[in-house]
Amino acid sequence: MSDWLLSLVIWLPIVGGVYVMLTGHKDSGRARQIGLAVACVTFVVSLSLYTGFDSTTASMQFVEKASWVSSFGIYYHLGVDGISMPLIILTTFTMILVLLAGWDVIKKKPEQYIAAFLIMEGLMVGVFAAMDAFLFYVFWEGMLIPMFLIIGIWGGPNRVYATIKFFLYTFLGSVLMLVALIYMRLQPDINSFEIAAFYNLNLSLTEQIFIFLAFLMAFAVKVPMWPVHTWLPDAHVEAPTGGSVILAAIMLKIGGYGFLRFSLPISPLASQELDWLLIGMSLIAVVYVGLVALVQKDMKKLIAYSSIAHMGFVTLGFFIIFSIMTPDGSINIKEAALGVEGAMVQMISHGFISAALFLAVGVMYDRIHSREIADYGGVANVMPVFAAFAVFFAMANSGLPGTSGFVGEFMVILASFNANFWIAFLAATTLILGAAYSLWMIKRVILGKVVHDHVEKMEDLNRRELILMVALAIPVLVFGIYPDPIVEVMHVSVENLLQHISTQLTVAR
Amino acid sequence: MKGLYLTIALSPLLGAIIAGFFGKTQIIGRKGSHIVTIAGVALSCVLSLYVLYGFMMGNIESQSMDLYTWLLSGQYEFKIGFLVDPLTAVMMSVVTFVSLMVHVYTIGYMHDDPGYQRFFSYIALFTFSMLMLVMSNNFLQLFFGWEAVGLVSYLLIGFWFTRETAVFANMKAFLINRVGDFGFLLGIAAILYYCGSLDYGVVFSKIVDVYNAQTTIEIIPGMEWYVVNTIGILLFIGAMGKSAQIPLHVWLPDSMEGPTPISALIHAATMVTAGIFMVSRMSPIYELAPAALGFILIVGALTAFLMGLIGIVQTDIKRVVAYSTLSQLGYMTVALGVSAYNVAIFHLMTHAFFKALLFLAAGSVIIAMHHEQDMRKMGGLKKYMPITYITSLVGSLALIGIPPFSGFFSKDSIIDAVHHSSSSFAGVAYILVVAGVFITAFYSFRMFFLVFHGEERMDEHTKSHLHETPKVVTLPLILLAIPSAVIGILVIEPMLFGDYFTGPYLKALLVDATSPIHALGELIHEHGVMGMIVTSFSHPPVWLAISGVVAAWYLYLKNPALTGKLREKFSAAHFVLEKKFWFDELYIDGFAKGGRKIGAILWKVGDIKLIDGLMVNGSAKAVGWFSLIVRHIQTGYLFHYAFSMIIGLVLLITLFVIL
């Protein structure tokens, strides 16, 4: 089964999605059931990626390879390692929640809505599983189309502006990445689009810097990093709840994944040369964007800014490694691993927490159709169960130990101290800023007296919503108390990556 | 032993889970909720006392044990585990005993509250978190407990979440604690970097190497600081938040918005002493960090003195006790600052009993007064509430340090330690803590006289309903009054001068010839505890305490008219105290509003104007402008296109021909 497992995880939801789209318009109830069934089966199948995973090797597993466009050296080549496998499972898990979140809320063409998400799921898994750069690019561009449609069709009143902004930003980045890929493919000593082959190109520093910058445009927009982040709050505000969840939980992670899979190993010299830039942008994300989050009046915007600030830890954890060196100029792998693994944990944890926060906003939005903080107040009086979850996830968002939100930030801050006191200092401000914007929102939305009549009428969580909240609360708590299982699967891959980067640095010198 | 310690830690958690998740169901209900939580805490209290007894008898050895590996990354291994030694045993016993008393008391205090089950769940969860904190054998778990007690404190201060003041106070408390935790986390990061582990045992042995190597860190360019001092100060910043030391003290008075039982448990007896415990636990580090100790001494002395002063002008009964707590925490910190860690823990313990007692007594008064907290509307309660009266008297005498009550021994030991300390700040600190004795006695008995003596200033309706509170309230008062009275005389010898605080993790707590309490130890050794009492009358503190009581008696009972006159005469000083030295204004108008203003500027100028306006829409406009020009070429006339195609073709052919 391991010969076609990845293909199954990619194509099952795509085929299922097409099927739902073609047949679902008559009976939307059935479309929902089929859609959910497909998502659940996909999740269960993807779990065998975990159970069958060999965490003692850094080589790709569940590999599939078939020739696709042989004249250009393009292959249908799939495989996972400890870096991509957890992200794939996060994707398939989140998709179940997304379909449940839109269950009876989406009235407009529900079958197409479900189909868009299922197809997007397959494509996103493809992004994480692709070992051929061209295939990666196809999945990468392909997954954007359903997302545009989701925001553009099921989005809020200002959806067209948001979609265009989203499209232009990401497209600009993608095109530059394509140029970089083609440039590398045209190098004399290479005959395919294999990502692994790109790792061993002997590119000069100048070439690497251009390639690094091209990738940076693509990935920084996706993460998003300051200053190319302003599309995200707009996209979130207009997107339906499910769209926001996918955007925050998965799509941002693709940017982070890109840095690990492309930028760092392909252009290690440039990464080292420009690490100050990336660290600077990450710290600005933590401090500047944290402060901006504080003054947001729209809950979704607040969480969007909070996402940007939290993703700052991801890029910080990646690029801090060049400051954790041994005296002979190679990377101190045993210490630097803390930063990279912390960043990975942060990505996964943020997937759970941001999904939960956007779902929580969705729960309230479905009741009174407002995202404005000022329209709420005292929700705990009428929705006590919901309030308990909201406080829990807000605490997780502010990095409370015992929740997964703490683990990644803790690891990255510890690793940063290794590099420089002030980097750790600025990163640690998230302790104050994260708590400030999360708890201030809780204070204004959840606590206090009921001041608006419409709040008085809000009903507590129904069974479907309760399942969603519980399904996210469990991993947040479990991985807060015992994060080792996530990190354990990625050790070898991360250390192998660091070893590769380190070797490239020493060879170049 | 592992099973025993796990039971101690987890049984309150189990109670919290049952009461929290199932408290509203038919099977558990209100009664079931208090039964399960009390059973859980009682079990852990009994077992903790058993452990304490075992240490005193020498049957139990200090032990550090790992439970599981939390995380393994690169060369770093983070483990969860327990370290139980005499220090931990004292903390476990104090925490679970006070917690048990508060649980029982809550049955009466929260009797009619709709959030009854939730309350029990929270306080049991608190007990679990606090136990995790004190029983930890590593910094990671310490930080977990540290923040978890902060979370429960947040939940409990805002327990009555419809009150605007309560939900403001809980956010304030959490955020100010986060400022402290910010320093604490950096301290932990420094420890990991320099010692390579977060396990206490490893850290305490590695830190000696760091000290011997005179390792320095250059945080501000050009300034080399010893790493051990830096670590000590960073960790202490965390303690300043949790144990409410100046300038991070402002959250504690506001935390009185929470129900009174938690003020007793969390904001007097246990959580706020976490910082004191932490520094004592880290004594092997602090003993190598003289600059950090100097800093601690100054902060503690200022807190002890200034917070006592504010206590004098408070009119809310709970706030007086809150400022008293701040001041007493300052005393404990002072003891830490002169390396008298065991004295700090001793005062922590006596304070836990008498301050929990004072809070619960205040709560008893508040119940009787129908939730009136203004002392100006009380008076003469002595005859209505005899048990509350007598227990309050015991608590107050213990607080101000009248022999032979418990507070006398602990506070006098602190003052004596400062007196004999060789620290360069000891002189200033000594003046501040001695002056603090008078202030403590004055505000304590001001409160005592205003509440229990003098004319009855309450309205007729309240007066007609006044009576002693029910047994579930008075029983904990009595049970706390007993240790408040006698615990000092019983344990001072073994705790301060015996070999109680020995063990691999407590080397620095040993009393040797260089210890500042060495002289006191010899006195007690020769003349016994009575000798200490007799000698104390030849030193100023006891007399200052007595004169404080007399002054309060004169100003508030004998000649109340003078009080008003004095207030007018010293109106400027009174104003400064009422404004509490303007710390709140600085934080709220300065930092909080300032932060929001900066955030608004970054958002409106940075994001909206510069990034969106200039970069994004600007490039969109540039494209638009460019296409506006290019558009002129696309006229739509066929012959224009044909013409340009021909020109293009000619150009291309020319190019080829030339090449």
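If you're wondering where the values come from, they're calculated on a predicted model, not measured in any experiment.

Caption draft 1: Expanded view of the overall build of chain B. Within chain B, the regular secondary structure consists of 26 helices and 4 strands. Once the C-alpha set of chain B is aligned to its principal axes, its extents read approximately 120 × 65 × 60 Å. For chain B, with 659 residues in total, the buried portion stands at 59%. Put simply, 78% of the contacts in chain B that link residues at least 6 apart link residues at least 24 apart. Roughly 25600 Å² of accessible area belongs to chain B as shown, and the carbon and sulfur atoms make up 69% of that amount. Taking the 38 positively charged and 38 negatively charged side chains of chain B as two groups, their mean positions are separated by 10 Å.

Caption draft 2: Broad picture of the packing of helix α3 (residues 84-101) of chain A against helix α10 (residues 241-266) of chain A. Residues and elements named next belong to chain A. Between α3 and α10, the shortest axis-to-axis distance is 10 Å and the interhelical angle comes to 170°. Relative to α10, the element α3 is oriented roughly antiparallel. Mapping the contact onto sequence places S84, L87, L90, T91, T94, M95 and V98 in α3 and G242, V245, I246, A249, I250, K253, Y257 and R261 in α10.

Caption draft 3: Quick look at the environment of Y389 of chain B. Structurally, Y389 of chain B is set in helix α16 (residues 386-400). In this view, Y389 of chain B contacts K382, F448, F452 and H453 of chain B; residues no more than four positions away in its chain are not counted.

Caption draft 4: Up close: the interface of chain B and chain A. Listed by partner, the interface residues are 57 residues for chain B and 63 residues for chain A. Our enumeration of links across chain B and chain A arrives at 1 salt bridge. In this structure, K443 of chain A engages E164 of chain B in a salt bridge whose closest nitrogen and oxygen atoms are separated by 3.3 Å. The interface formed by chain B and chain A includes 19 residue pairs in polar contact (both at pLDDT 80 or more). Among the elements that take part in the side of chain B that touches chain A, helix α6 (residues 164-195) of chain B stands out by supplying 19 residues, more than any other.

Caption draft 5: Examining the environment of F161 of chain B more closely. Its place among the elements puts F161 of chain B in the loop between α5 (139-157) and α6. Relative accessible area serves as the criterion here: at 17%, F161 of chain B is assigned to the buried category. Taking C-alpha positions, F161 of chain B is 9.6 Å from G258 of chain B, a pair spaced 97 residues apart along the chain. With residues up to four places along the chain from it excluded, the contact list for F161 of chain B reads A380, N381, L447 and G448 of chain A together with R118 and V167 of chain B.

Caption draft 6: Layout of the packing of aromatic side chains. Residue and element names in this part refer to chain A. One pass over the structure, following the stated rule, counts 63 aromatic pairs over all chains. Taking 5.7 Å as the distance between ring centres and 50° as the angle between the ring planes, the aromatic pair formed by F43 and F93 counts as tilted. Remark: F93 occurs in helix α3 and F43 occurs in helix α2 (residues 28-51); sequence separation between them is 50 residues. Residue classification places F43 among the buried positions, given a relative accessible area of 19%. Classification of F93 by relative accessible area gives buried; the value is 16%. Judged by centre distance (5.2 Å) and plane angle (75°), the ring pair of Y113 and W154 falls under edge-to-face. Separated by 41 residues along the polypeptide, Y113 in helix α4 (residues 110-129) and W154 in helix α5 (residues 133-154) bring together distant segments of the chain.

Caption draft 7: Spotlight on a nonpolar patch on the surface. Residue and element names in this part refer to chain B. Side chains of I387, L475, I478, L479, I482, V486, I489 and L490 sit close together on the surface and give an oily, nonpolar patch of about 630 Å² of accessible area. Take the nonpolar patch: its biggest share by element is 7 residues, from helix α20 (residues 471-497). Structurally, the position occupied by L475 is in helix α20. Residue L475 is classed as partly exposed on the basis of its relative accessible area of 45%.

Caption draft 8: Molecular detail of α5 of chain A. All names here are of chain A. Over its 22 residues, α5 runs 32 Å from end to end, which matches the ideal 32 Å to within 8%, given 1.5 Å per residue. Across the 22 residues that make up α5, a large majority, 16, are buried. The residue sitting at the N-terminus of α5 and contributing the capping side-chain oxygen is D132; that oxygen lies 2.8 Å from the backbone nitrogen of F134.

Caption draft 9: Structural detail: helix α17 (residues 406-420) of chain B. Look at α17 of chain B: 22 Å from first C-alpha to last across 15 residues, which is about the 21 Å you get at 1.5 Å a residue. In terms of residue burial, α17 of chain B counts as a mostly covered element, since 13 of its 15 residues are buried.

Caption draft 10: Structural context of the side chain of K355 of chain B. Residue and element names in this part refer to chain B. Position of K355 among the secondary structure elements: in helix α15 (residues 341-368). In this structure, K355 is buried with no salt-bridge partner, the nearest side chain bearing the opposite charge being D316 at 14 Å. K355 has contacts with A268, V321, S324, T325, Q328 and L399, leaving out every residue within four places of it along the chain.

Caption draft 11: Quick peek at the pairing of strand β2 (residues 76-84) of chain B. Residue and element names in this part refer to chain B. Counting buried residues along β2, 7 of its 9 residues qualify, which places the element largely inside the surrounding structure. Relative to β2, strand β1 (residues 63-73) is paired through 9 bridges, and the arrangement is antiparallel. From the neighbouring strand, L72 faces β2, where its bridge partner is E77. The turn joining β1 and β2, which pair antiparallel and follow one another in sequence, is formed by 2 residues; a positive phi near 55° is taken by G74.

Caption draft 12: Just the environment of M110 of chain B, in detail. All names here are of chain B. With respect to the helices and strands, the residue M110 is situated in the loop between α3 (86-109) and α4 (116-135). The class of M110 is buried, set by a relative accessible area of 1%. Each C-alpha atom, one on M110 and one on P259, is 8.3 Å from the other, the two residues being 149 residues apart in sequence.

Caption draft 13: Looking closely at the confidence of the model for chain B. This prediction gives chain B a mean pLDDT of 87; 98% of its residues lie at or above 70. Note on the complex model: pTM 0.91, ipTM 0.92.

Caption draft 14: Main features of the packing of α5 of chain A against helix α8 (residues 205-222) of chain A. All names here are of chain A. Contact pair α5 / α8: the axes reach a minimum separation of 14 Å and the direction vectors enclose 35°. Along this stretch, α5 crosses α8, giving a crossing that reads as left-handed. Of α8, the residues touching α5 (which contributes W140, M143 and L144) are A218, F219 and K222. Here the residues of the contact of α5 with α8 sort into 5 nonpolar, no polar and 1 charged.

Caption draft 15: Inspection of the nonpolar core at higher detail. The biggest cluster of nonpolar side chains holds 458 residues, and the ones touching the most others in it are F78 and F139 of chain B. Among the elements that take part in this core, helix α14 (residues 333-368) of chain A stands out by supplying 22 residues, more than any other. Not counting chain neighbours up to four residues away, the residues in contact with F139 of chain B comprise I188, I191, L198, Y200, V203, L235, M282 and I285 of chain B.

Caption draft 16: Structural view of the pattern of salt bridges. Counted according to the given criterion, the structure contains 19 salt bridges over all chains. A salt bridge links R464 of chain A to D104 of chain A, with the nearest nitrogen and oxygen atoms 3.3 Å apart. Of the two residues, R464 of chain A is situated in helix α21 (residues 463-481) and D104 of chain A in the loop between α3 and α4; the sequence distance between them amounts to 360 residues. With its nearest N and O atoms 3.6 Å apart, the salt bridge here joins K79 of chain B to D66 of chain B. On the criterion of sequence distance, the pair formed by K79 of chain B in strand β2 and D66 of chain B in strand β1 is long-range, its members being 13 residues apart. Taking relative accessible area as the criterion, D66 of chain B reaches 31% and is therefore assigned partly exposed.

Here is what the cut-offs are and how they apply
Residues numbered from 1 in each chain as written. Chains lettered and ligands numbered in written order. Predicted model: local features only at pLDDT ≥ 70, side-chain atom pairs only at ≥ 80, totals over all residues. Heavy atoms only, no water. Helix = DSSP H or I, 4+ residues; strand = E, 2+ residues; numbered from the N terminus. Buried < 20%, exposed > 50% of the residue type's maximum accessible area, 1.4 Å probe, protein only. Contact = heavy atoms within 4.5 Å. Areas by Shrake-Rupley, 256 points an atom, 1.4 Å probe, with all protein chains shown as cover. Lys, Arg positive; Asp, Glu negative; His and termini not counted. Charge placed at Lys NZ, Arg CZ, Asp CG, Glu CD. Axes fitted to C-alpha atoms, helices over the stretch in contact; angles between N-to-C directions. Parallel < 35°, antiparallel > 145°, perpendicular 65-115°, else oblique. Salt bridge = Lys/Arg side-chain N within 4 Å of Asp/Glu carboxyl O. Polar contact = N/O pair within 3.5 Å; in protein donor to acceptor, adjacent residues only side chain to side chain. Phe/Tyr/Trp six-rings, centres within 6.5 Å; stacked < 30°, edge-to-face > 60°. Patch = residues over 30% accessible without salt bridge, like charges linked within 9 Å, V, L, I, M, F, W, Y side chains within 5 Å. Expected span 1.5 Å × (residues − 1). Pairing = 2+ DSSP bridges. pLDDT = per-residue confidence, 0-100. Left-handed = near helix turned anticlockwise from the far one by under 90°. Nonpolar A, V, L, I, M, F, W, Y, C, P; charged D, E, K, R; others polar. Core = buried A, V, L, I, M, F, W, Y, C linked by side-chain atoms within 4.5 Å.

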